[in-house]
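One letter stands for each residue in the lines below.
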Amino acid sequence: MKRTATRLADGRELFYYDLRDDTVREAPDRRRLDAVATASEVRRDPLLGDSVVIASHRQGRTHHPPPDACPLCPSRDGRDTEIPAADYDVVVFENRFPSLAGDSGRCEVVCFTSDHDASFACLDDERAALVLAAWTDRTAELAELPSVAQVFCFENRGREIGVTLGHPHGQIYGYPFTTPRTECVLASVAGHRRETGENLFDATLAAERADGRRIVLETEHWTAYVPYAAHWPYEVHLHPRRRVPDLRFLDDAARAEFPRVYLELLRRFDRIFGSPEPTPYISAWHQAPFRHPHRSEFALHLELFTVRRAPGKLKFLAGSESGMSVFINDVPPEAAAERLREVAST
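Residues numbered from 1 in each chain as written. Predicted model: local features only at pLDDT ≥ 70, side-chain atom pairs only at ≥ 80, totals over all residues. Heavy atoms only, no water.

Trainee: Tell me what's going on with the overall build of the protein, and back it up with residues and numbers.
Mentor: Within the protein, the secondary structure is distributed over six helices and 15 strands. Relative to its length of 346 residues, the protein is compact, with a C-alpha radius of gyration of 20 Å against a globular reference of 20 Å. Counting the 346 residues in the protein, one finds 52% classified as buried. In the protein, the share of contacts with a sequence separation of at least 24, taken over all contacts with a separation of at least 6, comes to 63%. Of the roughly 16,400 Å² that the protein leaves accessible, carbon and sulfur atoms contribute 50%. Treating the 44 positive side-chain charges of the protein as one cloud and the 53 negative ones as another, the clouds have centres 2 Å apart. (Helix = DSSP H or I, 4+ residues; strand = E, 2+ residues; numbered from the N terminus. Rg over C-alpha atoms; globule rule 2.2 N^0.38 Å. Buried < 20%, exposed > 50% of the residue type's maximum accessible area, 1.4 Å probe, protein only. Contact = heavy atoms within 4.5 Å. Areas by Shrake-Rupley, 256 points an atom, 1.4 Å probe, with all protein chains shown as cover. Lys, Arg positive; Asp, Glu negative; His and termini not counted. Charge placed at Lys NZ, Arg CZ, Asp CG, Glu CD.)

Trainee: Talk me through the packing of aromatic side chains; I want residue IDs and the actual numbers.
Mentor: Within this structure, the stated rule accounts for 18 aromatic pairs. Ring centres 4.8 Å apart and planes at 65 degrees place the aromatic pair Phe112 and Phe120 in the edge-to-face group. Taken together, a centroid distance of 6.1 Å and an interplanar angle of 20 degrees make the contact between Phe120 and Trp135 stacked. Residue Phe120 is found in the loop between β6 (106-111) and α1 (125-142), and its partner Trp135 is found in helix α1; the two are separated by 15 residues along the sequence. (Phe/Tyr/Trp six-rings, centres within 6.5 Å; stacked < 30°, edge-to-face > 60°.)

Trainee: Break down the state of the cysteines for me, citing the residues and quoting the values.
Mentor: Applying the stated rule across the entire model yields zero disulfides. Distance from the sulfur of Cys153, which forms no disulfide, to the nearest cysteine sulfur (Cys107) is 12 Å. (Disulfide = S-S within 2.5 Å.)

Trainee: Outline the sheet that holds strand β12 (residues 281-286), listing residues and values.
Mentor: Pairing is antiparallel across the open sheet formed by 11 strands, whose spatial order is β1-β2-β5-β6-β8-β7-β12-β13-β11-β10-β9. In this open sheet, the two strands that pair with only one neighbour each are β1 (2-7) and β9 (215-218). The mean angle between the axes of side-by-side strands here comes to 20 degrees, regardless of whether they run parallel or antiparallel. In terms of strand pairing, β12 meets strand β13 (residues 301-306) through five bridges, oriented antiparallel. Bridge pairing in β13 links His286 to His301. Contacting β1, β2 (13-18), β5 (90-94), β6, β7 (150-157), β8 (169-175) and β12, α1 crosses the sheet at an angle of about 145 degrees to β2. Together, β9, β10 (222-225), β11 (234-240) and β13 form the strand contacts of helix α3 (residues 200-211), whose direction differs from that of β10 by roughly 70 degrees. (Pairing = 2+ DSSP bridges. Axes fitted to C-alpha atoms, helices over the stretch in contact; angles between N-to-C directions.)

Trainee: Explain the pattern of salt bridges residue by residue, including any values.
Mentor: One pass over the structure, following the stated rule, counts 37 salt bridges. Of the charged contacts in the structure, one is a salt bridge between Asp137 and Arg3, with a shortest N-O distance of 2.9 Å. In this pair, Asp137 is assigned in helix α1 and Arg3 in strand β1, connecting sequence segments 134 residues apart. Taking relative accessible area as the criterion, Asp137 reaches 22% and is therefore assigned partly exposed. Put simply, Arg268 and Glu264 hold a salt bridge, and the shortest N to O gap is 2.6 Å. On the criterion of helical spacing, the pair formed by Arg268 and Glu264 is a turn pair, its members being four residues apart in helix α4 (residues 252-271). Across this residue pair, the class does not change: Arg268 and Glu264 are buried. Overlapping salt bridges bring together Arg3, Arg7, Glu13, Glu94, Arg106, Glu108, Asp137, Arg138 and Glu141 as one network. (Salt bridge = Lys/Arg side-chain N within 4 Å of Asp/Glu carboxyl O.)

Trainee: Report on the nonpolar core, specifying residues and quantitative values.
Mentor: Judged by nonpolar contacts, the single largest core of 53 residues is most densely connected at Phe120, Trp135 and Trp285. A total of eight residues in this core trace back to one element, the largest contributor, which is α4. Not counting chain neighbours up to four residues away, the residues in contact with Trp135 comprise Phe112, Phe120, Cys153, Ile172, Leu247, Phe258, Tyr262 and Trp285. Listed in part, the 14 residues of the second largest apolar core include Leu72, Ile83, Ala85 and Tyr88. (Core = buried A, V, L, I, M, F, W, Y, C linked by side-chain atoms within 4.5 Å.)

Trainee: I'd like to hear about α3, residue by residue, with values.
Mentor: A rise of 1.5 Å per residue sets the reference length of α3, with its 12 residues, at 16 Å; its end C-alpha atoms lie 16 Å apart and thus fit the reference within 8%. All of the buried residues along α3 are Phe201, Leu205 and Glu208. Down the axis of α3, the smallest arc covering the buried residues is 60 degrees, so these residues share one side. Against α2 (180-196), β9, β10, β11 and β13 lie the buried residues of α3. Where α3 starts, the residue carrying a side-chain oxygen 2.9 Å from the main-chain nitrogen of Phe201 turns out to be Asn199. Trailing α3 by a residue or two, Gly212 shows a phi angle of about 85 degrees, which is positive. (Expected span 1.5 Å × (residues − 1). Arc of directions from axis to C-beta. Polar contact = N/O pair within 3.5 Å; in protein donor to acceptor, adjacent residues only side chain to side chain.)

Trainee: Tell me about the packing of α1 against α4, and please be specific about residues and values.
Mentor: Packing of α1 against α4 brings their axes to within 9 Å, and their N-to-C directions diverge by 115 degrees. For the element pair α1 and α4, the recorded crossing hand is right-handed. On α4, the residues touching Asp125, Ala128, Ala129, Leu132, Trp135 and Thr136 of α1 are Arg255, Phe258, Pro259, Arg260, Tyr262 and Leu263. Classifying every residue of the contact of α1 with α4 by side-chain character gives eight nonpolar, one polar and three charged. (Left-handed = near helix turned anticlockwise from the far one by under 90°. Nonpolar A, V, L, I, M, F, W, Y, C, P; charged D, E, K, R; others polar.)

Trainee: So, the environment of Glu26: which residues are in play, and what are the values?
Mentor: As for its position among the elements, Glu26 is in the loop between β2 and β3 (40-44). Classification of Glu26 as exposed rests on a relative accessible area of 67%. Linking Glu26 and Ala85, residues 59 residues apart in sequence, is a C-alpha distance of 7.9 Å.

What follows is the structure, encoded as structure tokens:
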């Protein structure tokens, strides 16, 4: 992998990640752009104790442009985009409309491929490994920023999820705080350690492997399963067999095996409903916060889930979910796991 750092016309950082070590990236950003102006504010809810980001400047962000106006495609044919090069492998750059910025963290965009009509599932193993390398590199660099407490690499895919750009891409959030979900998980992990003397992630993974009914696939270095109390109709948790706190600590064997495992899961998701229509999903890396007292107890893992519960039907976060945070799942986790095994690649 070769990384090339540059800056866009308004001063934002951009990083090319290339498969070839001899790739040269010298194309300048020829646009005339004003400096990015943000109005992000983090407010704490005194009752729930969690944080809410107020980001009014994002109301004006790009929303479903036509393919020939996509800002994530390469700069070609006289049209300048967010990526100055005429082609690229993987690119990461600071978001022009960030939810978090400055002392309130950082937001970046990850473009998985220059092909506007592709998807992550279309990538080959080599390109998927390059994306993993980019996620890892950005996690390592953001970990050094005093304004970042936790890094979240994720992909929103599909209009049903709320995606505003169709080009295959994801995002990286550097939160200035430990997220509420992670705090809740770490509290459970600490309680389990006090009561049993063992790690809750290790115990959960061991229980799922022993039960077997919700295992989707297993390899030498990774295990994918539908959790016992899955919130979403089709939800898979992917864990390295050796517990590590974040992407930086994956060993070479797990890294080498990841592309094959992850691409297989994505392709199975697209086959769940027996339809040519792509399955909308969220794919999210859960990493340990950097300076948390229970950091060493956390287990890096990826959660992949879809809001589609049946052909033409979505799982909406209605009264119980949105009002009281109590999920009601129409698809039994065991049935979801069985279906995901049925659609395995032959």
